[in-house]
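Examination of the molecular architecture
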Amino acid sequence: MQKKELNHLAIILDGNGRWAQERNMPRIKGHYEGGRRVKDIAIAASNLGIKRMTVYAFSTENWSRPDDEVNFIFKLPKIFLDKYLNDLMKHQIRVEYIGDISYIPEGAKKSINDSMIKTNENIGMTLCFALNYGSQDEIVKATKKIVQQVEDGSLNIEAINKEIFAANLMDNTPVDLLIRTSGEQRISNFLLWQIAYSEIYFTDVMWPDFDEKQLALAIEEYKRRDRRFGGLSNAK
Ligand code: FPP
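Structure report, in brief. What you are looking at is a predicted structure, and each value in this text was computed from that prediction instead of being measured.

Glancing now at the packing of aromatic side chains. Going through the model one piece at a time under the given rule, you end up with twelve aromatic pairs. When the ring of Y197 is compared with that of F229, the centres are 5.9 Å apart and the planes differ by 45°; the resulting orientation is tilted. Residue Y197 is found in the loop between β5 (177–180) and β6 (199–202), and its partner F229 is found in the segment after α7 (212–224); the two are separated by 32 residues along the sequence.

Okay, here's the thing in structure tokens:
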């Protein structure tokens, strides 16, 4: 892989609630606007030739939010897809999900399944929603799958390596650039395995204000970085 290629972009979309509160609006309005931004940035990323974009839509820890807010977030897949599926189709964007979707409300589950079926043949960028996702949970689930294979005799314990471990994750595409908006500088249990060598870009901009110009700034910064993957600088 070319060291400066940007194959997988991952985004922690943070600041929806604060964006709304600063405007005396209910927090859910921030999530609504945040959904619109996901569509805008997905199209911009696909136009830039990015192959995969994963967005952190709902973490395994987000259940502790007030019921009204959680209920609204789970209405977003339907709202988002009713409004934007045509745009995604036009840009040949495939929709995928990672996370434990067995525990989410039925309506959201249906929209999710419909969107995967409808976009399955698209050949452009994959837009992956991490929904009821937590990286530690993903790693525990991968470990259980591997132990199961050892127990049933299909995998020899000596054969377990990084590649086998990664293949048992929900998705194992290495992240090239991770963006977190809103000024927070944390990883929050997002794609811990996949970000091993990713560049990280923090910005104070709230997610509903993160537009194509902001994406261009992040990519400019990414291109300036010297990705060494544990080796020596190219410049030397
Ligand atoms: C963080 O803002 C954002 C979320 C918890 C997720 C909202 C999800 C989306 C906008 C995308 C959903 C789209 C689909 C189709 C599932 P925050 O509430 O943590 O903001 P704050 O830190 O200002 O409170």
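Attention now goes to the side chain of T119. Following the sequence through the fold, T119 ends up in helix α4 (residues 106–119). Since its relative accessible area comes to 0%, T119 is described here as buried. Looking at T119, its side chain comes within polar contact range of the main-chain nitrogen of V95, at 2.9 Å. Each residue touching T119, except ones within four places of it in the same chain, is listed here: L85, M89, I93, R94 and V95.

Our focus in this paragraph is helix α5 (residues 135–151). Quick reminder: α-helices carry 3.6 residues per turn. Residues three or four places apart thus point the same way. Helix length check: α5, at 17 residues, gives a terminal C-alpha distance of 24 Å against a target of 24 Å (1.5 Å per residue), a fit within 8%. Those residues of α5 that sit buried are S135, E138, A142 and I146. Taken around the axis of α5, the buried residues stretch over an arc of 70°, which confines them to a single face. Opposite the packed face of α5, turned more than 90 degrees from it, sit the exposed residues Q136, K144 and E151. Of the surrounding elements, those touching the buried residues of α5 are β4 (126–133) and α6 (162–167).

Let us now look at the sheet that holds strand β3 (residues 94–98). Taken together, the six strands give an open sheet; going across it, the order is β3-β4-β2-β1-β5-β6, and neighbouring strands pair in parallel fashion. Each edge of the sheet is formed by a strand with only one pairing partner; in this case those strands are β3 and β6. Looking at each pair of strands side by side, their axes are set apart by 20° on average, direction ignored. Sheet topology note: the strand β1 (residues 8–12)/strand β2 (residues 52–59) ladder contains four bridges and is parallel. In the sheet register, H8 faces β2, and the bridge partner there is R52.

In this section: the environment of P66. Looking at where P66 falls in the secondary structure, it is placed in the loop between β2 and α3 (67–90). Judged by relative accessible area, P66 falls into the exposed class, the value being 55%. P66 sits 167 residues away from S233 along the chain, and the two C-alpha atoms are 48 Å apart.

Here we take up helix α2 (residues 27–47). Helix length check: α2 (21 residues) gives 31 Å between terminal C-alpha atoms against 30 Å at 1.5 Å per residue, within 8%. Positive backbone phi, approximately 90°, marks G49, located one or two places after α2.

On to the pairing of β3, then. Moving residue by residue along a regular strand, the side chains alternate between the two faces of the sheet. The pairing of β3 with β4 spans five bridges and is parallel. Among the inter-strand pairings, Y97 is bridged to a residue of β4, identified as F129. Considered for its hand, the β-α-β crossover made up of β3, α4 and β4 is left-handed.

Moving on to the nonpolar core. Formed by 43 residues in total, the largest nonpolar core has its most connected members in L9, I11, M53, L127 and I179. Of all the elements, α3 adds the most residues to this core, at eight residues. In this structure L9 touches A45, I50, R52, M53, T54, L177, I179 and L215, once residues within four positions along its chain are discounted. Formed by twelve residues, the second largest nonpolar core is a distinct cluster that contains I12, A130, F190 and L191.

About the thresholds
Residues numbered from 1 in each chain as written. Predicted model: local features only at pLDDT ≥ 70, side-chain atom pairs only at ≥ 80, totals over all residues. Heavy atoms only, no water. Phe/Tyr/Trp six-rings, centres within 6.5 Å; stacked < 30°, edge-to-face > 60°. Helix = DSSP H or I, 4+ residues; strand = E, 2+ residues; numbered from the N terminus. Buried < 20%, exposed > 50% of the residue type's maximum accessible area, 1.4 Å probe, protein only. Polar contact = N/O pair within 3.5 Å; in protein donor to acceptor, adjacent residues only side chain to side chain. Contact = heavy atoms within 4.5 Å. Expected span 1.5 Å × (residues − 1). Arc of directions from axis to C-beta. Pairing = 2+ DSSP bridges. Axes fitted to C-alpha atoms, helices over the stretch in contact; angles between N-to-C directions. Right-handed = clockwise from strand over helix to strand, strands pointing away. Core = buried A, V, L, I, M, F, W, Y, C linked by side-chain atoms within 4.5 Å.

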